[in-house]
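For reference, the chains in residue letters:
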2 protein chains.
Amino acid sequence: MTYQKLTEKTLKKLASIVGEEFVRTQPDVLQTYSHDEVSDTTYHHLPEAVVFPQSTEEIAAIMKLANVAHFPVVPRGGGTGLACGAVPLYGGVVLSTERMDRILALDPAGLYAIVEPGVRTADLQAAAAAKGLFYAGDPCSSDSCCIGGNIATNAGGNRAVKYGTTRHQIYALTVVTPTGDIIQTGARLKKQSTGYCLEQLIAGSEGTLGIITQATLKLLPRPKQIVDILAIFPTPTKAIDTAACLLQAGLLPTCIEFMDEPTLRSIEAYLHEPLPGKDKRNYVIIEMDGTEEEMEPALESIDTICQRQGATDILVADYKKIWRARKAFAEAVRAESLLVSKEDVVVPIERQGEFFHIINDLAHKYNLITRIAGHIGDGNIHLNILKPAEESYLTWQKRVTENQTALYTALYQLGGRLSGEHGIGAKRRDLMERFTDPATLALMKTIKKALDPQYVLNPGKIFDISK
Amino acid sequence: MTYQKLTEKTLKKLASIVGEEFVRTQPDVLQTYSHDEVSDTTYHHLPEAVVFPQSTEEIAAIMKLANVAHFPVVPRGGGTGLACGAVPLYGGVVLSTERMDRILALDPAGLYAIVEPGVRTADLQAAAAAKGLFYAGDPCSSDSCCIGGNIATNAGGNRAVKYGTTRHQIYALTVVTPTGDIIQTGARLKKQSTGYCLEQLIAGSEGTLGIITQATLKLLPRPKQIVDILAIFPTPTKAIDTAACLLQAGLLPTCIEFMDEPTLRSIEAYLHEPLPGKDKRNYVIIEMDGTEEEMEPALESIDTICQRQGATDILVADYKKIWRARKAFAEAVRAESLLVSKEDVVVPIERQGEFFHIINDLAHKYNLITRIAGHIGDGNIHLNILKPAEESYLTWQKRVTENQTALYTALYQLGGRLSGEHGIGAKRRDLMERFTDPATLALMKTIKKALDPQYVLNPGKIFDISK
């Protein structure tokens with residue numbers, strides 16, 4: 001792909017759209033916007049400018065200009081991505097939605113919110129809570145990620161078992177298309193069959209089919225009670241298989257989380273505090289919400305199932321403490337090693353135990369240091385592979401790549417997919433090309449070409465259109 | 001749109017794909033497949049042939065042939081549509097999925113089913129129940145409609161409040177594209193962020209973007225208990241507004257149904273049996289499922305809310321009797337008048353009371369005989385307008401059309417949409433063109449053109465591509 005560089009004239013036109021102070025080309029700014037949360041610098045790339053529009057209309061004008069002056073535009077929310085979805089691979093413009101951070105409505109009668117894309121997820125959660133309402137979307141990075149990015153990656157997180165991922169929170173979206181048109185897709189309706197479901201095509205398309213400029217999201221009444229159960233198992237596969245047992249019994253936790261012993265030790269070291277249980281700990285955290293009347297029989301069933309699966313301890317956990325530990329996962333791993341290869345694989349829920357064996361066998365074969373946490377209520381396993389300090393990047397990377405090929409081959413045989421919630425971005429693009437059914441991939445490219453004939457919106461993400 | 005007529009040569013090629021006995025051109029067969037459940041013959045159109053393929057590969061071969069020989073192909077499931085989605089407007093081939101009626105898997109461990117498109121919804125429900133499982137999709141026509149059609153129209157029905165519409169039951173689809181490619185979209189995963197969500201684009205596209213040839217659907221454990229409450233209200237708007245009150249209180253019924261007094265009288269006459277309550281009856285049926293422990297406090301809350309809304313009677317209803325009455329709605333209306341104009345409008349849930357007033361004011365203004373039933377738990381109101389026997393079709397139709405224009409204008413001002421669950425098809429196509437945001441409609445057409453460049457798959461449905 002080749003594009004026009006941003007000329008002085010183009011930069012002036014950008015300034016005339018968003019205001020001069022909101023077009024930045026200072027080296028430190030470009031540096032900041034050259035990457036997301038992926039630390040490996042081989043994935044970083046400098047933009048030529050960063051723009052900060054404040055309205056749907058400004059974004060539409062930027063896209064119209066991009067089509068005429070032929071420069072790429074890469075939309076960016078909180079910059080918390082883990083797949084390089086917001087990295088400007090071909091330079092051009094990074095379009096930050098930071099200034100579009102208003103909550104426009106929070107309606108208790110209709111149970112919905114209308115927000116701009118730059119609203120932090122935690123801010124929406126808090127604003128809803130202040131009105132006795134509940135926004136169910138909850139990525140682990142909720143303190144720093146934004147709603148626009150949540151929708152673009154179909155972010156998952158900690159309540160997806162009961163409430164679904166971000167795509168399930170969407171009523172309607174205002175979207176600027178790659179050619180600079182403004183569309184209204186979806187509606188604030190519990191159901192409809194009125195034309196193509198464009199909002200679900202846009203959700204999870206990682207900013208390749210449109211820029212989300214406003215979202216109408218579902219709210220719920222606040223759950224009356226939340227209880228977290230910590231069950232500790234000596235055997236990791238028995239721990240993991242507990243997730244399927246709970247769902248088969250008709251229980252519907254908000255989430256079921258897993259952490260294995262090496263991961264728990266890593267978190268203990270990072271937090272400087274011991275976590276419950278003795279050696280050979282595998283944690284399963286089960287969170288239930290609901291009314292008091294629902295809770296008691298549900299907790300009894302959970303207890304019975306965990307015991308049957310061989311849990312040695314089943315405790316009601318301190319909400320703050322247990323989630324502080326779970327949410328420290330990423331930081332703890334980073335404290336152990338500056339370079340970490342992160343997998344976000346997802347498998348059918350009842351095949352996770354089997355897949356965990358494969359992960360461990362391969363880690364053994366390729367001599368890898370792993371830390372594993374999983375949203376096992378929805379089959380999503382985060383495998384982190386640490387680079388040993390003493391090893392060279394290249395030899396480590398070679399083993400990581402060999403492991404990845406073997407792992408993904410097994411994954412797809414089990415009916416799994418590359419990404420459960422982080423997305424494909426630039427990072428997993430080549431793997432996406434390799435492991436996706438060719439006709440299905442071709443159809444995705446057909447849609448991209450039809451909507452973005454000049455290929456100016458977030459090029460090089462998810463797949464390579466030139467192939 | 002102009003197409004090639006089916007020549008002898010083309011018919012032979014079709015026969016070589018599906019077998020000679022499965023290509024039918026007999027006039028009585030063509031007649032049968034010239035319409036769906038819409039009785040108005042102005043919407044009927046004869047196909048040139050009806051084909052009955054038995055596999056994905058056969059359907060792919062038919063689509064390849066259609067692109068070469070340039071004839072239209074109209075996919076058809078149970079033929080129970082109410083929007084003329086399966087009517088062959090331009091002749092050509094009706095492709096019936098009747099022979100593809102196998103349930104290929106029902107898995108209690110993974111909680112899923114794999115089915116062919118011609119499986120009757122009720123058959124899947126029964127097969128799941130026999131294994132202690134539950135398929136949540138439940139259109140009112142479940143005895144006769146098929147899964148393929150359910151997905152194509154995103155059928156709603158009687159459990160959408162708690163379980164969502166048909167699109168929410170989908171894990172994965174095998175789809176034959178308009179150009180005859182076979183794609184696998186989605187996966188049997190609770191969540192994923194691995195490329196475009198094509199399965200949700202296909203669902204609800206009414207057979208214009210692909211033919212569904214296999215579906216992997218979600219199952220659940222069977223609910224332990226089901227209770228139906230019948231609440232009778234003197235005031236229709238108070239009855240209707242009860243739906244929003246229940247949801248605001250955090251209750252999650254499987255469905256909330258509404259029928260007004262004239263409709264109840266119509267059903268009583270059709271069933272030759274009296275329904276509970278005195279004059280000025282407006283029924284709200286509230287169905288809850290769950291465990292025994294959940295049920296009691298939920299029923300108490302329902303009682304309190306219904307009383308607050310002015311209900312005169314709140315009864316635990318006989319499941320069979322109450323649903324026999326509710327499901328007799330369409331037949332009862334048909335018994336009153338052979339010609340009925342049916343609306344399937346949907347509005348935000350808390351604005352239904354307001355919308356009901358508008359419906360009644362307009363019915364009064366245009367002197368219309370109405371029968372109204374609503375899935376008020378999701379804002380979907382079925383307005384039926386009966387033609388008086390003594391009136392000419394043309395003068396009645398004129399009033400119906402004037403009413404429709406006024407009604408839809410008000411509907412869209414309230415944030416509503418044309419169709420809650422029946423789809424647009426051929427019947428509401430012109431209204432879709434008129435009431436949809438132009439840029440959004442243009443994007444839908446762009447997608448259709450990209451996927452079906454020869455315009456051979458179900459042309460003329462949802463919108464008019466030539467405009």
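How each quantity is defined
Residues numbered from 1 in each chain as written. Chains lettered and ligands numbered in written order. Predicted model: local features only at pLDDT ≥ 70, side-chain atom pairs only at ≥ 80, totals over all residues. Heavy atoms only, no water. Helix = DSSP H or I, 4+ residues; strand = E, 2+ residues; numbered from the N terminus. Rg over C-alpha atoms; globule rule 2.2 N^0.38 Å. Buried < 20%, exposed > 50% of the residue type's maximum accessible area, 1.4 Å probe, protein only. Contact = heavy atoms within 4.5 Å. Buried area = accessible area lost by both parts, 1.4 Å probe. Salt bridge = Lys/Arg side-chain N within 4 Å of Asp/Glu carboxyl O. Polar contact = N/O pair within 3.5 Å; in protein donor to acceptor, adjacent residues only side chain to side chain. Pairing = 2+ DSSP bridges. Axes fitted to C-alpha atoms, helices over the stretch in contact; angles between N-to-C directions. Domains from an automatic or database assignment. Phe/Tyr/Trp six-rings, centres within 6.5 Å; stacked < 30°, edge-to-face > 60°. Lys NZ or Arg CZ within 6 Å of the ring centre and 35° of its normal. Least-squares fit on C-alpha atoms with pLDDT ≥ 70 in both. UniProt positions renumbered as here; feature names shortened; annotations may be inferred. Arc of directions from axis to C-beta. Parallel < 35°, antiparallel > 145°, perpendicular 65-115°, else oblique. Nonpolar A, V, L, I, M, F, W, Y, C, P; charged D, E, K, R; others polar.

1. Quick word on the overall build of chain A
Then, in step 1: Helix and strand counts for chain A stand at 16 helices and 18 strands.
Then, in step 2: For chain A, the C-alpha radius of gyration of 22 Å lies close to 23 Å, the compact-globule estimate for 467 residues.
Then, in step 3: Projected onto its principal axes, the C-alpha coordinates of chain A cover approximately 70 × 60 × 45 Å.
Then, in step 4: By residue count, 63% of the 467 residues in chain A fall in the buried class.
Then, in step 5: Contacts spanning at least 24 positions in sequence make up 73% of the contacts within chain A whose residues lie at least 6 apart.

2. Considerations on the interface of chain A and chain B
Then, in step 1: Each side of the interface is counted separately: chain A has 78 residues, and chain B has 78 residues.
Then, in step 2: Taken over both partners, the interface formed by chain A and chain B buries close to 5,900 Å², and the fraction arising from carbon and sulfur atoms is 65%.
Then, in step 3: Counting across the interface, chain A meets chain B through six salt bridges.
Then, in step 4: In this structure, E421(A) and K191(B) form a salt bridge, with 2.8 Å as the shortest nitrogen-oxygen distance.
Then, in step 5: Here chain A and chain B share 26 residue pairs in polar contact (both at pLDDT 80 or more) between them.

3. Points about the sheet that holds strand β14 (residues 282-290) of chain A
All names here are of chain A.
Then, in step 1: Sheet architecture is open: seven strands sit in the order β15-β12-β14-β13-β17-β18-β16, paired in antiparallel fashion. Only two strands of the sheet have a single partner each, and these edge strands are β15 (313-316) and β16 (340-346). In this sheet, adjacent strand axes meet at a mean angle of 15° when their direction is disregarded.
Then, in step 2: Here strand β12 (residues 225-233) runs beside β14; their pairing, made up of nine bridges, is antiparallel. Of the residues in β14, the one forming a bridge with I226 is D289.
Then, in step 3: Of the strands in this sheet, β12, β13 (255-259) and β14 are in contact with helix α8 (residues 236-248), which crosses β13 at around 175°.

4. Examining the domain arrangement of chain A
Residue and element names in this part refer to chain A.
Then, in step 1: Parsing chain A into structural domains produces domain 1 (103-221), domain 2 (224-325) and domain 3 (337-428).
Then, in step 2: Contacts between the two partners involve six residues from domain 1, matched on the other side by nine residues from domain 2.
Then, in step 3: For the pair domain 1 and domain 2, the summed buried surface comes to about 660 Å²; carbon and sulfur atoms form 54% of the total.
Then, in step 4: Three residues, N158, V161 and K162, lead the burial of domain 1 against domain 2; their summed loss comes to 78% of the area buried on that side.

5. A short note on the packing of aromatic side chains
Aromatic ring pairs are described here by two measures, namely the spacing of the ring centres and the angle between the planes.
Then, in step 1: Applying the stated criterion across every chain, the model contains 16 aromatic pairs over all chains.
Then, in step 2: Ring geometry for Y3(A) versus Y90(A): centroids 5.6 Å apart, planes at 50°, classification tilted. Note that Y3(A) is positioned in the segment before α1 (8-18) and Y90(A) in the loop between β3 (73-76) and β4 (93-96), a separation of 87 residues in sequence.
Then, in step 3: Overall, the relative accessible area of 14% leaves Y3(A) in the buried class.
Then, in step 4: Here the aromatic rings of Y393(B) and W396(B) are separated by 6.4 Å at their centres, their planes lie at 55°, and the arrangement is tilted. Pair noted here: Y393(B) and W396(B) are both in helix α14 (residues 393-413), with a separation of three residues, about one helical turn.
Then, in step 5: Judged by its relative accessible area of 26%, Y393(B) falls in the partly exposed class.
Then, in step 6: Taken together, Y408(A), Y412(A) and F435(A) form an aromatic cluster joined through their ring pairs.
Then, in step 7: The ring of F22(A) is capped by R99(A), whose NZ or CZ atom sits 3.3 Å from the centre of that ring.

6. Re the environment of K5(A)
Then, in step 1: With respect to the secondary-structure elements, K5(A) resides in the segment before α1.
Then, in step 2: Between the alpha carbons of K5(A) and A113(A) there is a distance of 39 Å; along the sequence they are 108 residues apart.

7. Here we look at the relation of the copies chain A and chain B
Then, in step 1: Superposition record for chain A on chain B: RMSD 0.0 Å, screw rotation 180°, translation along axis 0.0 Å. Between the two chains, the operation in question is that of a two-fold axis. Looking at the rotation axis and the C-alpha trace of chain A, the residue lying nearest is E294(A), at 2.6 Å.

8. Some thoughts on the pairing of strand β18 (residues 380-386) of chain B
Residue and element names in this part refer to chain B.
Then, in step 1: Burial within β18 is extensive, with seven of its seven residues counted as buried.
Then, in step 2: Burial of β18 is two-sided: the residues N380, H382, N384 and L386 facing one way and the residues I381, L383 and I385 facing the other way are all buried.
Then, in step 3: The pairing of strand β16 (residues 340-346) with β18 spans seven bridges and is classified as antiparallel. The residue of β18 that forms the bridge with K342 is N384.
Then, in step 4: In this structure, strand β17 (residues 369-375) lies alongside β18, joined through seven bridges in antiparallel fashion. Of the residues in β18, the one forming a bridge with A373 is H382.
Then, in step 5: Following β17, the chain reverses through four residues before pairing antiparallel with β18; G379 in that reversal takes a positive phi of roughly 75°.

9. Digging into the UniProt feature "domain: FAD-binding PCMH-type" (unreviewed entry) in chain A
Then, in step 1: UniProt's feature table lists "domain: FAD-binding PCMH-type" (unreviewed entry) at residues 43-222 of chain A, given in the numbering used throughout.
Then, in step 2: Between the first and last C-alpha atoms of residues 43-222 of chain A the distance is 41 Å; the span itself is 22% helix and 24% strand.

10. Here's the deal with the sheet that holds strand β6 (residues 112-115) of chain A
Residues and elements named next belong to chain A.
Then, in step 1: Taking strand neighbours across the sheet as the criterion, the five strands line up as β5-β6-β10-β8-β9 in an open arrangement whose pairing is antiparallel. Edge positions in the sheet fall to β5 (103-107) and β9 (182-186), since each has one partner strand and no second. With strand direction ignored, the average angle separating the axes of adjacent strands in the sheet is 10°.
Then, in step 2: Sheet topology places strand β8 (residues 170-176) next to strand β10 (residues 211-218); six bridges connect them, and they run antiparallel. Each residue of the ladder has a partner; that of T174, found in β10, is Q214.

11. Examining helix α11 (residues 319-327) of chain B
Think of an α-helix as turning once every 3.6 residues; residues three or four places apart then point the same way.
All names here are of chain B.
Then, in step 1: Within α11 the residues assigned to the buried category are I322, W323, A325 and R326. Along the long axis of α11, the arc covered by the buried residues comes to 155°, so they all point the same way. Along α11, the residues that are exposed and aim more than 90 degrees away from the buried face are K320 and K321.
Then, in step 2: Backbone nitrogen of K320 and a side-chain oxygen of the N-cap are separated by 3.1 Å at the start of α11; the cap is D318.

12. Comments concerning unusual backbone geometry
Then, in step 1: Backbone geometry at Y455(A) places phi at a positive 55°, although glycine is not the residue there.
Then, in step 2: Using a relative accessible area of 6% as the deciding quantity, one classes Y455(A) as buried.

13. Quick word on the packing of helix α9 (residues 261-271) of chain B against helix α12 (residues 329-336) of chain B
All names here are of chain B.
Then, in step 1: Contact pair α9 / α12: the axes reach a minimum separation of 9 Å and the direction vectors enclose 80°. Judged by the angle between their axes, α9 and α12 are roughly perpendicular. For the pair α9 and α12, the contacting residues are T263, S266, I267 and Y270 in the first and F329, E331, A332, V333, A335 and E336 in the second.
Then, in step 2: A per-class count over the contact of α9 with α12 returns six nonpolar, two polar and two charged.

14. Considerations on the environment of T41(B)
Then, in step 1: Structurally, T41(B) is set in the loop between α2 (27-32) and β2 (49-51).
Then, in step 2: Here the alpha-carbon distance between T41(B) and A113(B), two residues 72 residues apart in the chain, equals 38 Å.

15. Section: the side chain of S193(A)
Then, in step 1: Structurally, S193(A) can be placed in the loop between β9 and α7 (198-202).
Then, in step 2: Of note is the side chain of S193(A), whose polar atom sits 2.7 Å from the backbone oxygen of T153(B).
Then, in step 3: From its side chain, S193(A) meets the backbone oxygen of N154(B) in a polar contact 3.3 Å long.
Then, in step 4: With residues near it in sequence (within four places) discarded, S193(A) still touches T153(B), N154(B), E206(B), S419(B), G420(B), E421(B), H422(B), G423(B) and I424(B).

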